[in-house]
Amino acid sequence: MSGCKTDQATRHTEDQNSAVNYQAAVARAHSQPMSANDQQTVNDGRPVIACFGDSLTAGYGVDAADSYPSRLQGLLDKAGYHYRVVNLGISGETTKDGLARVDRVLALHPAITVVEFGGNDGLRGLPVASSRANLDSIVDRLRSGGTSVAMAGITLPPQFGQAYIQQFNQTYHLIAGKYSVPLYPFLLQDVWGVSGSIQQDGVHPTAQGCRQVAKNIFGFLQPLLKK
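Residues numbered from 1 in each chain as written. Predicted model: local features only at pLDDT ≥ 70, side-chain atom pairs only at ≥ 80, totals over all residues. Heavy atoms only, no water.

## Overview of the sheet that holds strand S5 (residues 183-184)
Then, number 1: An order of S2-S1-S3-S4-S5 is seen for the five strands of this open sheet, with the pairing classed as parallel. The outermost strands of the open sheet, each flanked by one partner alone, are strand S2 (84-89) and S5.
Then, number 2: With five bridges joining them, strand S1 (residues 48-53) and strand S3 (residues 112-116) adopt parallel strand pairing. Across the sheet, Gly53 pairs through a bridge with Glu116, a residue of S3.
Then, number 3: Across the face of the sheet, helix H7 (residues 128-144) comes into contact with S1, S3 and strand S4 (148-152) while running at roughly 155 degrees to S4. (Pairing = 2+ DSSP bridges. Helix = DSSP H or I, 4+ residues; strand = E, 2+ residues; numbered from the N terminus. Contact = heavy atoms within 4.5 Å. Axes fitted to C-alpha atoms, helices over the stretch in contact; angles between N-to-C directions.)

Structure (structure tokens):
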């Protein structure tokens, strides 16, 4: 019995440490400026793909050239698709912050907008109903502005509780279904848990991880792309 109690105490301590590390990582990310270069906003005639999200989009902890939007641009170019990818990720943002920036996205008149928000809402334990309303408004306003929306979901570590995580995850499916927009359920598919793909903070992709995220999104967007 004492061995079981020791194991349970150890797991509890590991969960607490993971939560602290996760919170510290996002706090550091919040101070990181967006990784998009000023040149990305110059209109060169190509239709725009706007990557709109938080630190996972911005490319926290990696060079701008290694962010997933930058890697996505390379994949599009190599495949002969003539689009211009704009990185509109800002580290630390919540769905509320994203909603406040929708007009900035629409000002680019993007053909496609990849929406990736929610992780920071979950970390802060914000009410799911509030996050869901914000994300609903983001998608609604973007669609009304004439851009095709594609959603990318994220999830939370287990220490945030099964009930909360389940409601959190359902948000993406409910909104995607409501507006009939495509959904990539987990942005970090084939990244999370893969050696060398996640930074030491346990949250953000490395350059290697960002390459896989770009592959994920490239494949996801292909039905929406035109040559």
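Moving on from the model shown.
## A few points about the side chain of Asn216
Then, number 1: Structurally, the position occupied by Asn216 is in helix H9 (residues 207-221).
Then, number 2: Reaching out from Asn216, the side chain makes a polar contact with the backbone oxygen of Leu187 at a distance of 3.3 Å.
Then, number 3: A distance of 2.9 Å separates a polar side-chain atom of Asn216 from the backbone oxygen of Gln189.
Then, number 4: Once residues lying within four places of it in the same chain are set aside, the contact partners of Asn216 are Tyr184, Leu187 and Gln189. (Polar contact = N/O pair within 3.5 Å; in protein donor to acceptor, adjacent residues only side chain to side chain.)

## As for the nonpolar core
Then, number 1: By size, the foremost hydrophobic cluster in this structure holds 56 residues, and its most contacted members are Leu72, Met151, Ile217 and Leu221.
Then, number 2: Element by element, the count of residues in this core is highest for helix H8 (residues 162-179), at seven residues.
Then, number 3: Not counting residues up to four positions away in its chain, the partners in contact with Leu72 are Cys51, Val85, Ala214, Ile217, Phe218 and Leu221. (Core = buried A, V, L, I, M, F, W, Y, C linked by side-chain atoms within 4.5 Å. Buried < 20%, exposed > 50% of the residue type's maximum accessible area, 1.4 Å probe, protein only.)

## A look at helix H3 (residues 68-78)
Then, number 1: Along H3, the residues classified as buried are Tyr68, Pro69, Leu72, Gln73 and Leu76. Angular distribution of buried residues about the axis of H3 spans 145 degrees; they occupy a single face of the element.
Then, number 2: Residues of H3 that are buried make contact with S1, helix H2 (55-58), S2, S3 and H9. (Arc of directions from axis to C-beta.)

## Section: the pattern of salt bridges
Then, number 1: Scanning the model with the defined rule gives six salt bridges in all.
Then, number 2: Across the pair Asp44 and Arg84 runs a salt bridge whose closest N-O atoms are separated by 3.4 Å. Taken together, the residues span a long stretch of sequence, with Asp44 in the loop between helix H1 (2-30) and S1 and Arg84 in strand S2 at a distance of 40 residues.
Then, number 3: A relative accessible area of 42% places Asp44 in the partly exposed class.
Then, number 4: A salt bridge links Asp136 to Lys178; its shortest N-O distance comes to 2.9 Å. Residue Asp136 is located in helix H7, and its partner Lys178 is located in helix H8; the two are separated by 42 residues in the primary sequence.
Then, number 5: Overlapping salt bridges, with partners in common, bring together Asp44, Arg46 and Arg84 in one network. (Salt bridge = Lys/Arg side-chain N within 4 Å of Asp/Glu carboxyl O.)

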